Amino acid sequence: MEAYSTICPGCGLGCGLYLLRDSEKGEGGERATGKGMSILHRKQSAVNAGKLCKFGMQLPHFYSRERLRTAVGGKNVSEEEAVKEARERLTTFRREEIAFLAMPSTVTNEEALAFLSLVSELECENFSLGFERFFSVADFGILFRGMPLEEVERAEKVLLFFLDPFVQYPLLARRILRAKQRGARVVDVSFAENERAKGIYDETILAEEIVGDFVRDMLSEGEDLGDVASAVARALVGGSEKVENSLILADLNPLSPTDFISAAISLAEETKSQILFLKPFLNANGANLLSAAMNMRGRDIFEILNDVKEGKIKCLFLLETDLLYDGGGVDGTALENLEFLVVQDAFKSAISEFADITICSEPLFLKKGTVVNVEGRVLSAGGDAQRTVEIIERISGVERTYKQVQEEVCKHLGISKLSEYESFVAPASIASGKKSAGKVANKEKKRGEAETSEEGAGMDALTQLLWQKTSPFFWHAWQTRSGTKRSEAIVEVSPSLARRLNLFKGELLEIRRGGESKRVAFRIAEIPSYLMISADKITKDGILVRVEVEKAK
């Protein structure tokens, strides 16, 4: 039996736990990763004191996925052969024809630095860590500012800005509850009352109540969450002392509209509040702060993917990123114009099937390395494997030792101790040259008269707004307790919609957007008639989107 003191890659909190597994060898001498694995609670963890959400409890299934084979052209080869072939092929493309993508979920700081060094060696500007689109909105000190979660517990006012901690960041909900028990006032800004969280909120401010015509007009005008957030922020700023001097909690992910992030920051500035952005990827703070410290600015991931689709980018290198499932929202046809695809990952994925070269690296719990969570706290992955760093270093031709890479990480991030109890990163010291968002822009919209009846008079009965609450399951390919893939998503619908579609228990909905459709299960909830809510991934291109819905035939 082997034991690992590690962290969960489900979100940016980085909850600590112990993984126990048998020491049997798998096929080809590879150590089995999920078989015979179980979890023990690490009660001394500084982040979560041993508690885990559903995602964390099912990590054995997450690590039970099929390992990626190291192969060239579908033929199994040695790691040395694959690395040599990858390096040679990468150097045959012009720098504007190559792109590098790494969603920092299971990517350590040391791997991120090696990855960025590879990009630099090839003088490539087409790279993304998933958050570059927000650099025009605010500086790194605001976007990636850490805050010990104890500060949430000590806050006198907590304002949740379109954030459902019970779904998106479950272990954060415990901190908010403690703040509430200590006398804090907790305000939820949302589209609907959170039935699962009754008793924790002192007040729920519904978007429809303060900018109702704006929200309903989204059904016909196609505005997004950023537009709604800006309108709500203006109303809150102009209205009440109850949100001043608050701790504002909001979500920052690759699908967040830039206007949403701008509105959240401006609301904090105008109300003299602090703001903490939660993130769905474990090492989003660490990887992006390294990018800033190395004075490397990437491109919006969606711009890069569009260039791939148009054939401008002919070569793509993916580090532990499944674009067919993760935030990229890509279908297989978008890769048809690629001439060369390299996938380096621990597990087989949908996109690895398209790759010319696949290189198997280690799962997170086996890795030696560090991450920086949303608190700015430095955490250890827990293992001793250095292969992923070494592979990237050999592809780049730099070939530093792991120790040299980690020393550079510590230097760039100002880390003096590698301890989750003592070491925090201070992103404000990393200059980015960007200013904060300033005041909320007052965008005037042309609106017609909106109908307000509960039955949604004047609206197309099949047109709904779908609000996707992005839980850890949203961002990661997943398996259920039985080991089978999640095949059936579920959405919450209003009683009004259920009546209009004549829905009965056990039936399915068909949701359509952009030429794609998905069959989903449903449950009835007390939500606005124009809205549907899901914590599963229904559509890949937004958090709040217009969809067409009907009863599945």
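Residues numbered from 1 in each chain as written. Predicted model: local features only at pLDDT ≥ 70, side-chain atom pairs only at ≥ 80, totals over all residues. Heavy atoms only, no water.

### Things to note about helix α13 (residues 301-309)
- All buried positions along α13 are accounted for by Ile301, Ile304, Leu305, Asp307 and Val308. Angular distribution of buried residues about the axis of α13 spans 155 degrees; they occupy a single face of the element.
- Taken together, the buried residues of α13 touch β6 (98-101) and β7 (127-128).
- Where α13 terminates, the next one or two residues include glycine 311, which has phi positive at roughly 85 degrees. (Buried < 20%, exposed > 50% of the residue type's maximum accessible area, 1.4 Å probe, protein only. Helix = DSSP H or I, 4+ residues; strand = E, 2+ residues; numbered from the N terminus. Arc of directions from axis to C-beta. Contact = heavy atoms within 4.5 Å.)

### Here we look at the packing of aromatic side chains
- For the structure on display, the rule yields 21 aromatic pairs.
- Between phenylalanine 131 and phenylalanine 281 the ring centres are 6.1 Å apart and the planes differ by 85 degrees, which places this aromatic pair in the edge-to-face class. On the criterion of sequence distance, the pair formed by phenylalanine 131 in the loop between β7 and α5 (140-143) and phenylalanine 281 in the loop between β12 (274-278) and α12 (284-293) is long-range, its members being 150 residues apart. In this pair, the class of phenylalanine 131 matches that of phenylalanine 281, namely buried. (Phe/Tyr/Trp six-rings, centres within 6.5 Å; stacked < 30°, edge-to-face > 60°.)

### Thoughts on the pairing of strand β13 (residues 315-319)
- In terms of burial, β13 is largely enclosed, as 5 of its 5 residues are buried.
- The alternating pattern of β13 places Cys315, Phe317 and Leu319 on one face and Leu316 and Leu318 on the opposite face, and all of these are buried.
- For β6 and β13, the ladder comprises 4 bridges, and the chain directions are parallel. Paired with phenylalanine 100 across the strands is phenylalanine 317, a residue of β13. (Pairing = 2+ DSSP bridges.)

### Describing the sheet that holds strand β2 (residues 16-21)
- Spatially, β1-β2-β3 is the arrangement adopted by the 3 strands of the open sheet, whose pairing is antiparallel. Strands at the two margins of the open sheet, each flanked by one partner only, are β1 (2-7) and β3 (38-41). Taking the axes of each pair of neighbouring strands and ignoring which way they run, one obtains an average angle of 30 degrees across the sheet. (Axes fitted to C-alpha atoms, helices over the stretch in contact; angles between N-to-C directions.)

Read these as layout, nothing more, since geometry by itself doesn't imply function.
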